[in-house]
Amino acid sequence: MTDTTPATAGPEPLWVQAADRIREEIARRGLVAGAKLPPERELCTRLAVSRVTLRRALAHLVERGLVTASHGRGWFVAAPAPTAPAREWPKDLESFTATARRKHMRAGSLVLRNTVESASLDDAERLGVVPGTPLIRLERVRTLNDVRIALDRTLLVAELAPDLTGVDFTTASLYEQLARWGIVPRRAEATIEARSAGPALAGHLGIAAGSPVLVLDQTVFADDRAVLLSTVEYSGDRYRLRTTLQTD
């Protein structure tokens with residue numbers, strides 16, 4: 001990448017301009033899958049942007065399958081993903097890990113909390129248990145190819161899978177762990193809304209406070225019993241929902 005013209009303020013945010021410049025340079029130089037991009041410090045200098053802006057631009061390119069990150073090694077041109085049939089949402093219920101695999105990406109987590117606490121009145125009502133019932137609280141920053149995508153907060157009835165507090169959820173899938181106990185989520189009642197990221201959430205996701213986030217709140221059922229509550233806050237520029245609408 002040899003172009004040294006800085007990204008400048010204009011109709012598009014700086015991170016969008018930076019992402020466009022990187023994409024154009026990959027195409028201009030004919031870089032193939034696996035080609036390594038320059039180090040972040042060099043990219044920041046060439047594009048005249050901060051590291052936060054650069055990483056936002058790179059995360060945007062990761063979401064679009066153009067680049068990928070390798071922990072400790074840097075950023076690389078991504079291999080084209082095989083064409084897969086579009087999945088409809090919310091008709092399909094699958095875990096974050098399963099979604100990542102379907103998209104040929106690597107799921108990971110930064111575990112913030114994995115503890116047992118007593119059910120509040122509201123949580124007990126949603127889960128159909130007695131207030132004070134032990135619940136496992138699992139909080140994770142979810143990543144795709146090492147890029148922070150969402151903050152996932154889950155509450156699960158502890159008696160259903162009592163060993164989960166001992167599981168390393170850095171790479172483990174919650175749904176796969178539940179399957180060991182014969183618990184297979186079948187459906188979810190979900191709501192989606194847009195919000196602005198507060199300082200704490202922004203810090204977890206590496207975005208600016210006030211940035212848009214997409215909040216998915218779910219009650220997940222197995223065999224007609226509510227087994228877990230999940231609130232997932234997605235960075236607005238790193239996640240998209242796609243579905244198909246049709247007339248009767």
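Below or above, wherever it landed, is the structure these notes cover. Since the model is a prediction, treat every value here as computed from it, not as a measurement.

Comments concerning the packing of helix α1 (residues 14-29) against helix α3 (residues 51-63)
1) Next: The interhelical angle for the contact between α1 and α3, taken along N-to-C directions, is 60°, at an axis separation of 8 Å. On the basis of the axis angle, α1 is oblique to α3. Where α1 crosses over α3, the two elements pack in a sense that is right-handed. Contact with α1, carried on its side by L14, W15, A18, A19, I22 and R23, involves T53, L54, R56, A57, L58, H60 and L61 of α3 and no other residues of that element.

Section: the packing of helix α2 (residues 40-47) against α3
1) Next: Relative orientation of the contacting elements α2 and α3 amounts to 100°, with a least axis distance of 10 Å. Here α2 lies roughly perpendicular to α3, going by the angle between them. Of α3, the residues touching α2 (which contributes E40, R41, L43, C44 and L47) are R51, L54 and R55.
2) Next: Residue composition of the contact of α2 with α3, grouped by class: 4 nonpolar, no polar and 4 charged.

Observations concerning the sheet that holds strand β5 (residues 147-157)
Where strands meet in a sheet, backbone hydrogen bonds hold them as pairs that are either parallel or antiparallel.
1) Next: In spatial order, the strands read β3-β4-β5-β8-β7-β6; together these 6 strands make up an open sheet with antiparallel pairing. The outermost strands of the open sheet, each flanked by one partner alone, are β3 (107-118) and β6 (187-196). Across this sheet, the average inter-strand angle for adjacent strands is 15°, counted without regard to direction.
2) Next: The pairing of β3 with strand β4 (residues 134-144) spans 11 bridges and is antiparallel. Along β4, the bridge assignment pairs S118 with P134.

Regarding the packing of aromatic side chains
1) Next: Tallied over the entire structure, the rule returns 0 aromatic pairs.
2) Next: For the cation-ring pair, R187 lies above F221, with the distance from its terminal atom to the ring centre recorded as 4.0 Å.

Rules used throughout
Residues numbered from 1 in each chain as written. Predicted model: local features only at pLDDT ≥ 70, side-chain atom pairs only at ≥ 80, totals over all residues. Heavy atoms only, no water. Axes fitted to C-alpha atoms, helices over the stretch in contact; angles between N-to-C directions. Helix = DSSP H or I, 4+ residues; strand = E, 2+ residues; numbered from the N terminus. Parallel < 35°, antiparallel > 145°, perpendicular 65-115°, else oblique. Left-handed = near helix turned anticlockwise from the far one by under 90°. Contact = heavy atoms within 4.5 Å. Nonpolar A, V, L, I, M, F, W, Y, C, P; charged D, E, K, R; others polar. Pairing = 2+ DSSP bridges. Phe/Tyr/Trp six-rings, centres within 6.5 Å; stacked < 30°, edge-to-face > 60°. Lys NZ or Arg CZ within 6 Å of the ring centre and 35° of its normal.

Honestly, it's all geometry; don't read function into it.
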